[in-house]
Amino acid sequence: MRARNRRNQKGNSLLEFALASTVLIPLFFGTVGIGLNMGRSTQTLLLCRDIAHMYANTVDFSQAASKNVAVQLASGTGMTVNGGNAVIILSQVITVYQADCDAGGYPNGCANLGKQVIVNRIAIGNTALTSSRYGTPNSNIVTANGNIAQNDYLINASAVATNFSSVLADGGLTQNQGDIAYLGECYVLTPDTSYLGTNTSQGVYAKFVF
């Protein structure tokens, strides 16, 4: 009789363990996934801050040597100069004043008067992953070193930095004539969590403005 009770208790224990596992195992892997994403988010923030700060300090990321530095800073993300699991998008943004229109030969005003426009755009890494959240100038107006000519950023609609005014407003900033805002955007995939069955195209995004 006692042996039968022990066998019943073992059977109940196995059943209880199986039921508990349906909750505990997904919870465990979910916790691991959250931890990995938090680590990737921190890495993306640090990467974006460092690159944007260097960009604001006149480091020319159109040069191969500087791009290689960016790749080294992104170590662990799988980013390469022209591909991989991350992309860094750098932009210089100004606000167009009438003085800018005058200097460009538009004394009666230019199409982008009063708007924030991109005057330099450089991308490093896998540009297919995502685009800038603040507009993408047509490639035919961007030179090899990322510059956009005055005549283009004064009148070309694609040079407008979409929604950048909200970035300035959120920071309590006013951009005077001649002021340049240096914007760094970083997007890093999180393939670390693909074992959970999540979409590997998901990633983390960060931006910094100097």
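A brief report on the enclosed structure follows.

Parameters at a glance
- Residues numbered from 1 in each chain as written.
- Predicted model: local features only at pLDDT ≥ 70, side-chain atom pairs only at ≥ 80, totals over all residues.
- Heavy atoms only, no water.
- Pairing = 2+ DSSP bridges.
- Helix = DSSP H or I, 4+ residues; strand = E, 2+ residues; numbered from the N terminus.
- Axes fitted to C-alpha atoms, helices over the stretch in contact; angles between N-to-C directions.
- Disulfide = S-S within 2.5 Å.
- Buried < 20%, exposed > 50% of the residue type's maximum accessible area, 1.4 Å probe, protein only.
- Phe/Tyr/Trp six-rings, centres within 6.5 Å; stacked < 30°, edge-to-face > 60°.
- Core = buried A, V, L, I, M, F, W, Y, C linked by side-chain atoms within 4.5 Å.
- Contact = heavy atoms within 4.5 Å.

Looking at the sheet that holds strand β1 (residues 86-95)
- Pairing is antiparallel across the open sheet formed by four strands, whose spatial order is β2-β1-β3-β4. The open sheet has two edge strands with one neighbour each: β2 (116-125) and β4 (203-209). Here the average twist between neighbouring strands, direction ignored, is 15°.
- Inspection of the sheet shows strand β3 (residues 181-189) paired to β4 by seven bridges, in the antiparallel sense. Paired with Glu185 across the bridge in β4 is Lys207.

Describing the state of the cysteines
- By the definition in use, this model includes one disulfide.
- Disulfide pairing is shown between Cys101 and Cys110; the S-S distance is 2.0 Å. With the S-S bond torsion at -55°, the cross-link from Cys101 to Cys110 turns out left-handed. Both residues of the pair, Cys101 and Cys110, count as buried.

Here's the deal with the packing of aromatic side chains
- The tally for this structure, following the rule as stated, stands at two aromatic pairs.
- Ring geometry for Tyr55 against Tyr182: centres 5.6 Å apart, planes inclined by 85°, an arrangement best described as edge-to-face. Of this pair, Tyr55 sits in helix α1 (residues 2-56) while Tyr182 sits in strand β3; the two residues are 127 residues apart in sequence, bridging distant segments of the chain. Each member of the pair Tyr55 and Tyr182 is classed as buried.
- Their ring planes at 90° and their centres at 6.0 Å tell us that Tyr134 and Phe164 sit as a pair that is edge-to-face. Remark: Phe164 occurs in helix α5 (residues 164-170) and Tyr134 occurs in the loop between β2 and α4 (150-155); sequence separation between them is 30 residues.
- Classification of Phe164 as buried rests on a relative accessible area of 0%.

Quick notes on the nonpolar core
- Formed by 21 residues in total, the largest nonpolar core has its most connected members in Val93, Val96, Val117, Tyr153 and Phe164.
- Secondary-structure elements contributing two or more residues to this core are β1, β2, α4, α5 and β3.
- Apart from residues no more than four positions distant in its own chain, Tyr153 is found in contact with Ile94, Val96, Asn112, Val117, Ile118, Val119, Ile148 and Ala159.
- Membership of the second largest hydrophobic core comes to 18 residues, among which are Leu47, Ile88, Leu90 and Ile122.

As for unusual backbone geometry
- The phi torsion at Thr58 lies on the positive side, around 70°, for a residue other than glycine.
- Considering the arrangement of structural elements, one finds Thr58 in the loop between α1 and α2 (64-73).

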